[in-house]
Amino acid sequence: MKQKTQLKNKSFKSESEIYGFWESEKFFSADLQSSKKPFSLLIPPPNLTGELHLGHAMQHSILDALARFKRLQGFDVLLLPGVDHAGIQFEATFEKKLSKENLSKQKLGREKWLEKAWEFKEEIYKSVSGSWRMLGLSADWDREVFTLDEGPKKAVFEAFKSFYDAGLIYKGPYIVQWCPKDRTAIEDVEVEYEERKEKLYYLKYGPLTLATTRPETKFGDTAMAVNPKDERYKDYVGKEFEIDTLAGKKKMRVVADDAVDPEFGTGVVKVTPAHDFADYQMGIRHNLPIVQVINKEGKLTDVAGKYAGMKVQEAREAMLPELKEKGILIKEEEYAHNVAVCERCKSVVEPIISEEWFVKVGDLAKAAIKVINASKINFLPKNYARIITDWLENIHDWCISRSLWWGHRIPVWYPSTSLRTSPSTPLRQAQGRSGQVADMKVSLDSPGEGWVQDEQVLDTWFSSGLWPMSTLGWPEKWKMVNGKLKIENSYFPWDFEISAPEIKFLWIARMIMLSVHFTGNIPFKIMFFHGMLRDLEGRKFSKSLGNGIEPAYLIDKWGVDATRMALYTYSVPGRDGRVSKAILDERGKNYRNFATKLKNITKFILELKPNGSTRHSGLSRVDSGVAQKAPQNDNVKMNTDDEKMVADLDALVKQVTKHLENIDLHLAAEAIYEFTWHKFADVYIEKSKARRAEAQPVLEYVLKQLLIMLHPFMPFVTEELYQKFEVKRESIMEETWPSA
RNA sequence: GGACUCGUAGCUCAGUUGGCUAGAGCGUCUCGUUUACACCGAGAAGGUCAGAGGUUCGAGUCCUCUCGAGUCCACCA
């Protein structure tokens, strides 16, 4: 505690000046060696792709309110900031920027490209960092982490190596979701479905007719399939027929498989193992060859004959006339179905066979389910526990490689003499799930001359999934037990984590799995899912719709504190909020008015004192100005109004504390607001005017308590006004939360 | 096709484990230039808490169904 004999009443010119004061006095720093109980909050690292939006502002306001509340309660609070490199998204935004400069990945090459990427990262980071400070985020900046920093790099390597040694990592050609635009494999959870109206084409395949939406994959068909119970086609099963693919004739067998729905189309399907997940499985079951028709750029391969080189959609349209002409296409139907698109860039994703790395997550998922079912994590709202366990129940292996440059490069090295890829027999590999190259080495740095590193990088979520640990120096700093009273993992598990619901599987479920696996412990005690802020039509805010509202717009207009207060009204867990500029302006105005009200109350109580009123307000005169107890000094005469006021305040303290402990920020904020304005100002202060001098001690006492309780929500005004007290501490941040 | 959430005043939303005449902000109307504040104060209008049934001494709050809105998961070639 900073003890100064004479504390000056600071006056600040701006919010940023107040922030600078807090920062330079190190009020945000966590202190491992302190005797206080730790309370840790982990900031979800925003993606490094641009400005922070309203959702971030709400999320960070919630985190900051809790951090400030816990600090006032006397905890050693760690609010840890960081940003995420966001592989795919970053590369997409960076590519747009590069193309404006007439540059590209190809032109620059990996090394130069990475150099420029880091410069770009710094540029974006500045805006993120600026927004955080503008919002008043009381984060421990000395501990800030970026997902590509050395710390996370070591954690990522440790996790990768550990998985590898345990036989949980394998590599090989498998069918994956491939985004032709981003040129990388993505995960099922990164795929969205859009309903589209397309055509269902009825094609003649030898003696049979079948229905398909994708005639262009015809070149990769290696069988026809029917349901084994389908009487109509019983006699065809096992027989071979000659089919015209428009790129030459081909012999094709008819197989029987339960996966075929006899009700759909004609009950016959073409089997394209290379470009359809169900067909791939059928291919394995019936030992069918795999023929690649679509390449990683989303164009048809040489097997497509004269259609080779065309994009999927082009090829489809181009081949229809020929199919008709040859009598192969006999019928078209309108057909509405779901098309898989990349959640980032919205382009149609193609199932493609590609050489990728995978983690076997079955056992990790089981362990995660166990801790969730044992209620070790307090989910808010609580039904998210089941949503997550449901997903974990049906989890499949995690494709952790991405064909990108921005990320943690896979720490695997091959002798430059050997071939890195092993495309020989994909199916055998797929069935055996063994695709490890015998002489590869797992190492962070090059094992020496003549070794080349794997070209791919790890999925962004691999490093994000380790975030709760890597930010605290796992594994290195967790090992120094001897001689150290407290180590970094004193903050682990985190007391509080918050997230948007949309990344509950991508991120939250992964953190739980990885944390349970590597530490045997949960990553966080409270998992808070906030709702999504939407526009009045219920749509998400997005750049493409142009319906976004900049937090800076509100902050400029109404001030940070008012903006934060407006956002807390939407902080009910799991509930979406519908907002428009007008509605947020309305709330901003309301809370700006409240801030003004507070200033006027303070002016009345502390600046417009009646002559002869007690200088020290009758509060305890020896301490440094903490208003812990109601005025009970003999010099203070309390009447029934005073007593009621003090009793009401006590009740408020209880109520607000409870709401904050339950993370009901909206209720806590509303309760203080209501009390301050309509009980304290409208009633008590008005009545006190008749006996001002006598009421002065209670006026000051109540005001100070209210400011302290409001500080988590409105940090700036409360600091500004607190400084006007004669008896006080250096900052309101050093005050103590009132106890009733 | 599965799972979940929501439907409360004109608008945006609160309403803790069921308990007094259902709340806030904004908006509307009336009044008020009282020496903290018009970015204010006093007051008013406005809701059969989507609908129906049930449990209960008592339900916006629990159960069932219907209607409506939305989210997530799976996905049919």
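Residues numbered from 1 in each chain as written. Chains lettered and ligands numbered in written order. Predicted model: local features only at pLDDT ≥ 70, side-chain atom pairs only at ≥ 80, totals over all residues. Heavy atoms only, no water.

## Overview of the confidence of the model for chain A
Per-residue confidence for chain A gives a mean pLDDT of 86; residues scoring 70 or more make up 91%. Taken as a whole, residues 420-436 scores under 50 in pLDDT and shows 36 contacts with residues more than four places along the chain or in a different chain. For the stretch residues 612-628, pLDDT sits under 50, and the model shows 34 contacts to residues farther than four places along the chain or on other chains. Taken together, the chains of this predicted complex give a pTM of 0.90 and an interface ipTM of 0.92. (pLDDT = per-residue confidence, 0-100. Contact = heavy atoms within 4.5 Å.)

## With respect to the protein's contact with RNA strand B
Every one of the 48 residues lining RNA strand B counts as a neighbour, but Phe264, Tyr335, His337, Arg578 and Trp677 are closest to it. By atom count, sugar and phosphate contribute 63% of the portion of RNA strand B lying within 4 Å of the protein. Within the side chain of Glu586, an N or O atom sits 3.2 Å from a base nitrogen of RNA strand B. Asn600 places a side-chain nitrogen or oxygen 3.1 Å from a sugar or linking oxygen of RNA strand B. The greatest single-element share of the surface near RNA strand B, amounting to 13 residues, is contributed by helix H16 (residues 581-607). Residues belonging to the surface near RNA strand B are distributed by class as follows: 19 nonpolar, 12 polar and 17 charged. (Near = heavy atom within 4 Å. Polar contact = N/O pair within 3.5 Å; in protein donor to acceptor, adjacent residues only side chain to side chain. Helix = DSSP H or I, 4+ residues; strand = E, 2+ residues; numbered from the N terminus. Nonpolar A, V, L, I, M, F, W, Y, C, P; charged D, E, K, R; others polar.)

## A look at the pairing of strand E18 (residues 412-415)
In E18, alternate side chains face the same way, and those of Val412 and Tyr414 on one face and Trp413 and Pro415 on the other are all buried. Note: E18 against strand E19 (residues 441-442), two bridges, orientation antiparallel. Bridge pairing links Val412 to Val442 in E19. Two strands pair when backbone bridges link them, and E18 and strand E20 (residues 451-453) are joined in this way by three bridges, in the antiparallel orientation. Among the inter-strand pairings, Tyr414 is bridged to a residue of E20, identified as Val452. (Buried < 20%, exposed > 50% of the residue type's maximum accessible area, 1.4 Å probe, protein only. Pairing = 2+ DSSP bridges.)

## Side note on the environment of Asp535
Looking at where Asp535 falls in the secondary structure, it is placed in the loop between strand E24 (533-534) and helix H14 (551-558). A relative accessible area of 7% means that Asp535 is categorised as buried. Between the C-alpha atom of Asp535 and that of Lys581, which follows or precedes it by 46 residues, the distance is 9.1 Å. If near-sequence neighbours (up to four positions away) are discounted, Asp535 is found in contact with Phe541, Asn547, Arg578 and Val579.

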